[in-house]
Structures are given as structure tokens and as C-alpha cells.
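Chain by chain, the residues run as shown.
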Amino acid sequence: MNRREVLRLLGWAATAAAATPVLHGLDAEEQARVTLAMQVPSRVDASVIEHSEAVLWRCMRQDDALGPQAALDTVLAQRNLARAMLAECQTTLRPRLLSLFSNLSRFAGWLSFDLRDFESGWYFYEQARSSAHEAENSELASFVLCNMSHLATWQGRPRVGIDNAVAAQGWAKRSCDLRLQAYASDVAARAFALDGQRSACLAELEAADRAVSAATARHERPSFVYFYGPGQFAYTQSLCLLQLDDDGQAAQAARSSLELLDGSFVRNVAFSTLALADAHVRARDVDRAAQVLGDAGELVARNRSARLTQRLRVGRSQLAQCGSVKAVRTLDDRLAAYGLA
């Protein structure tokens, strides 16, 4: 074996060792192909991009079940790989690779948001939005803007949330993806609710309901908003009704959400459970609220979303303000059993 071949093999091994998250889930042949693309970006082909797309999909499903910590390292490694490959990517593949980089950046932003690292969330979302537009990918641009609206509303900036939601709706209308259109109306409804614009909120909820019902009837399979369906819509409806002080209807919507949601989306089920608990607290039904908050704690123990943990603590604090020492003690014992004391 000559010296050049030895150096080549050593380089391959070093690159592979340093990039374990990038190669996660690939067989030996796929690992060699991706590593070669890392060393020589001009070797990028459709198969390499497809492998990264598949890893991203697996990471999203891991996050749905286990939370952001389970996926962040791999996503950041894949994002860095995609950015490196863009430097010498052939023209015909560039839009697809740009879309991949955008979606990886978007997902890195989502994971940062779910870890309550809002500054990083905005940084990644801005890169995702810019890359989606450069790729002329209207559906992805709309999805990124939906995520940006969600983050702004969560931070208590509803007017910024409305701006991003309206932009998302504009791009979504260029697509045939009814679920994406529904989701854009969904995030708009949340922002309008927080801003106290009841009529606008209810109008957006109606639009989201129509679109997601039509998408469900057609059995559409969206490329980006795979998680959005009637159950997730019902959760948003509950959230908005709580914001608008319609507690009875909010509880009914939360129960409907829990009946409809796919259990593999652990975080979504947990947030719907917390919405139901919130409605019970407002109704001063402390025993039922404690029971439902305990159910939420069981889910939080499975999906370690920082946002979920924070909302659970808020729910526990609100329950304590109701003055029932026994209910709070029962809840605390249960949370302690889940390692959430």
C-alpha cells in the first residue's frame, strides 16, 4: 500500500470519527459515500442529499417522542455538512441542497426554541428563511415563517407573530398543501388571541378547521407539516379559547384534542393535557386539575422539552394558588415519582 493510499485511509477514518452524528443511521456503504462528500464536496450527488434527508426525518420523529436533546447534536452536524457541500454543489442539485440546509436550519431553530434558547432559535430561523427563498421553495418558506410566528407569540410578542403568520399565509396560498395552509392560519389564530383580537382569532380558527378537514378527507401526505391534523388543531383551539377566557369551550376542545392526537407525538399530547389542566384550574376543580397535571408530568418525563417542563411548573403554581394543600401534595408526590420534583 503506497503512502498516498495510507494517508487517504487515515483521512477517511479521522473524518468519520469526527462526524459520528452525521453518519448516524447509515450503513457502511452510505457512510463511505457521505464521508467522501465531506472530504471532496464536488462529489455531492443525489444519493448523499437523500441520505441527509432521511437522517433529518429520523431526527424529527425522535424529537416528537423524546424531546430536543435526543436530536440536536445530529441535526447540527448534518446542517454543517449541508453548508459545506453547498460550496461546490453542481447547479442542478443546488435547489434541493439549499432546501435541505434550510430545513435543517429550521429544525435546529425549533429544537433551540423547545430548549428555551430563543436567541439561537431566531438565528437558525433567519438562516432557514433566507435559504428557503434562495431555493425558491415557497412551501418551506411558509413553514419557516410559521415557526417564526410561533416563537414570537410564545415570547409574548403577538404583533411580530401576526406579521410572520400573514407572510406564511401568503406563501402557503401558492401551494396545494391544505395542511400547510391550515397551519399558517393556526399560528395566526394564536397570535391574534394573545393580542386580544377575538374576531380575527376566531376567523383564523375557522379557516384552519376548514383546511385541515379538507386535507384529512383527501388523505393528503404533506412534506413538511406531517404533524398537523385535527388533534393539533383542537389543541390550538383550546389554547386560543383559554386566552379569550372561554374556559368551558377550551376544556371541551382540549379533550377532543386528546382523543384525536397520535400518541407517538408525546410533546403534543403533553401540551394538550396541560391545556385541559389549565381549564380545570380556572374552573376551581382542583382535584381533577391535580390528576391531569400528574398525567402531564408522566409525559414530560418521557419528552424532556424545556418548554413543557416550564409550563408544567406554571400549572403546578396555579394549582397551589387555589388553596388546596392536599391536591398540591398529591401532585408533588406524583411528580417526584417521575423525577420532576
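The paragraphs below set out a description of the structure included in this document. Note that the coordinates shown come from a computational prediction; the quantities given were computed from them, not determined experimentally. (Residues numbered from 1 in each chain as written. Predicted model: local features only at pLDDT ≥ 70, side-chain atom pairs only at ≥ 80, totals over all residues. Heavy atoms only, no water.)

## Examining the side chain of Ser257
So the rule is basically this: Going along the chain from the N terminus, every DSSP run of H or I of four or more residues is numbered as a helix, and every run of E of two or more is numbered as a strand. Throughout, exposure labels follow a simple rule: accessible area from a 1.4 Å probe, protein chains only, divided by the maximum for the residue type, with under 20% read as buried, over 50% as exposed, and the rest as partly exposed. Counting of polar contacts relies on pairs of N or O atoms within 3.5 Å, with two restrictions inside protein: one atom must be capable of donating a hydrogen and the other of accepting it, and residues adjacent in sequence are counted only when both atoms are side-chain atoms. Whether two residues are in contact is decided by their heavy atoms: any pair within 4.5 Å suffices.
Relative to the assigned elements, Ser257 resides in helix α13 (residues 247-260). The class for Ser257 is buried, based on a relative accessible area of 0%. Of the polar contacts made by the side chain of Ser257, one reaches the backbone oxygen of Gly231; its length is 2.8 Å. Setting aside its immediate chain neighbours within four residues, Ser257 contacts Gly231, Ala234, Tyr235 and Ser272.

## As for the packing of helix α4 (residues 46-66) against helix α5 (residues 72-86)
Heads up, the condition is: To get an axis, fit a line to the C-alpha atoms, keeping to the stretch in contact for a helix; angles then go from 0 to 180 degrees between the N-to-C directions. Here the word oblique covers every angle except those under 35 degrees (roughly parallel), over 145 (roughly antiparallel) and from 65 to 115 (roughly perpendicular). Definitions for this section: a left-handed crossing has its near helix turned counterclockwise from the far helix by less than a right angle. A right-handed crossing has that turn clockwise. Three classes are used: nonpolar for Ala, Val, Leu, Ile, Met, Phe, Trp, Tyr, Cys and Pro, charged for Asp, Glu, Lys and Arg, and polar for all others, with Gly counted as polar.
Two elements in contact, α4 and α5, have axes whose closest approach is 10 Å; the angle formed by their N-to-C orientations is 155°. Taken together, the axis directions place α4 and α5 in an arrangement best described as roughly antiparallel. You can see that α4 and α5 cross each other, and the crossing is left-handed. Residues Val48, Ser52, Val55 and Cys59 of α4 pack against Thr74, Val75, Gln78, Leu81 and Met85 of α5. Here the contact of α4 with α5 is composed, by residue class, of six nonpolar, three polar and no charged.

## Here we look at the nonpolar core
Operational definition: Remark: nonpolar core denotes a set of buried residues (Ala, Val, Leu, Ile, Met, Phe, Trp, Tyr, Cys) joined through side-chain atoms within 4.5 Å.
Grouped together as the largest cluster of nonpolar side chains are 104 residues, with contacts concentrated most on Phe107, Tyr228 and Leu319. Among residues more than four places away in sequence, those in contact with Leu319 are Val281, Val286, Ala289, Ala290, Leu293, Ala327, Val328 and Leu331.

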